Amino acid sequence: MREFVYYSKSAVTAGNFIKDDLMKAGRMDIVCNVIISTFFISNEMRDDVKLHLIFDGPPKPPRHLILESNQEMPISKKNIAGLIKKLLYKSPDKEGLKEIMPGCSAEKKSFEHLVNELDKDGKDVFLLEGRGKDIRDLELKGDEVYIIGDHEGFPKDKKKFLKMIDKISVSPKTLFASQVITIINNEIDRQI
Ligand SMILES: C[S@@+](CC[C@H](N)C(=O)[O-])C[C@H]1O[C@@H](n2cnc3c(N)ncnc32)[C@H](O)[C@@H]1O
């Protein structure tokens, strides 16, 4: 199963912080696009993908939301913001993963903790960066982990933490996080 980790320093961490204007909720509009690019293809949903969302914005960071392909996952393009809101409302303040709906869970976990865990699990972990190695020069197995930043990229401390991670690039242009995910999905689809 391919996995994406989307990190946002500004995405809010409580359901009641998400109002009508998603941009004011720490760019939750970008998160919605990321979810669409991860899971949706024409007339069906991908069945082999897991998305980790790490939100580090106010009022109670960090939050780790997990969405995993699952036929019962209650996801519709029309109400993705509502789904995120619900996951944040029900996200536990204490340590420990809580399944909130089929295919959707939440916990209080930091970005560093998650990346270290994925690495310890033996996964091939890549950081998406414009100056990285071209993804087309890699042999993909479709079970890699791809880490992507939000509209501001990664803050200094996260960049330092990510120094040892292999960097890969998908384009000579700087793209939206959601576009990067579409390209990665496509590159994997073409190779496996
Ligand atoms: C909108 S970009 C962030 C732009 C931000 N100003 C910066 O300098 O990092 C969002 C994320 O998409 C990924 N990204 C954007 N363009 C990319 C490219 N050509 N190759 C690989 N990753 C890319 C990076 O992970 C980046 O953090």
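Located above this text is the structure these notes cover.
What you see is a predicted model; the values in this text were computed from it and never measured.

What counts as what
- Residues numbered from 1 in each chain as written.
- Predicted model: local features only at pLDDT ≥ 70, side-chain atom pairs only at ≥ 80, totals over all residues.
- Axes fitted to C-alpha atoms, helices over the stretch in contact; angles between N-to-C directions.
- Helix = DSSP H or I, 4+ residues; strand = E, 2+ residues; numbered from the N terminus.
- Parallel < 35°, antiparallel > 145°, perpendicular 65-115°, else oblique.
- Contact = placed C-beta atoms within 7 Å.
- Near = placed C-beta within 6 Å.
- Nonpolar A, V, L, I, M, F, W, Y, C, P; charged D, E, K, R; others polar.
- Buried ≥ 20, exposed ≤ 12 C-beta atoms within 10 Å, placed from the backbone.

Q: Any chance you could explain the packing of helix 1 (residues 28-39) against helix 2 (residues 80-90) here in plain terms?
A: The angle between the axes and the distance between the axes are what describe a pair of packed helices. Their axes nearest at 9 Å, the elements helix 1 and helix 2 cross at an angle of 105°. Here helix 1 lies roughly perpendicular to helix 2, going by the angle between them. Where helix 1 abuts helix 2, its residues Met28, Val31, Cys32, Ile35 and Ile36 lie against Ile80, Ala81 and Ile84.

Q: What is the right way to read the site of the ligand from this model?
A: Close contacts around the ligand come from 17 residues, with Leu128, Gly149, Gly153, Ser169 and Ser171 the closest. At the level of elements, strand 8 (125-134), strand 9 (145-149) and helix 5 (177-191) are the ones that each hand at least two residues to the shell around the ligand. No other element matches the 3 residues that strand 8 contributes to the shell around the ligand. For the shell around the ligand, the residue count by class is 7 nonpolar, 7 polar and 3 charged.

Q: Sorry if this is basic, but what is going on with unusual backbone geometry here?
A: Trans peptide bonds make up the majority, and among non-glycine residues the majority have a negative phi. Of the consecutive residues Pro58 and Pro59, the connecting peptide bond is found in the cis state with omega at 5°. In this structure, Pro59 sits in the loop between strand 4 (49-55) and strand 5 (63-68). With omega at -5°, the peptide bond leading from Pro61 into Pro62 counts as cis. The phi dihedral of Arg27 falls on the positive side, at around 60°, and the residue is not glycine. Within the secondary structure layout, Arg27 lies in the loop between strand 1 (2-8) and helix 1. Since 21 C-beta atoms lie within 10 Å of it, Arg27 is described here as buried. Its identity as a non-glycine residue notwithstanding, Asn43 has a phi of 65°, on the positive side. Of note, Asn43 is situated in the loop between strand 2 (40-41) and strand 3 (44-45). Classification of Asn43 by C-beta neighbours within 10 Å gives exposed; the count is 5.

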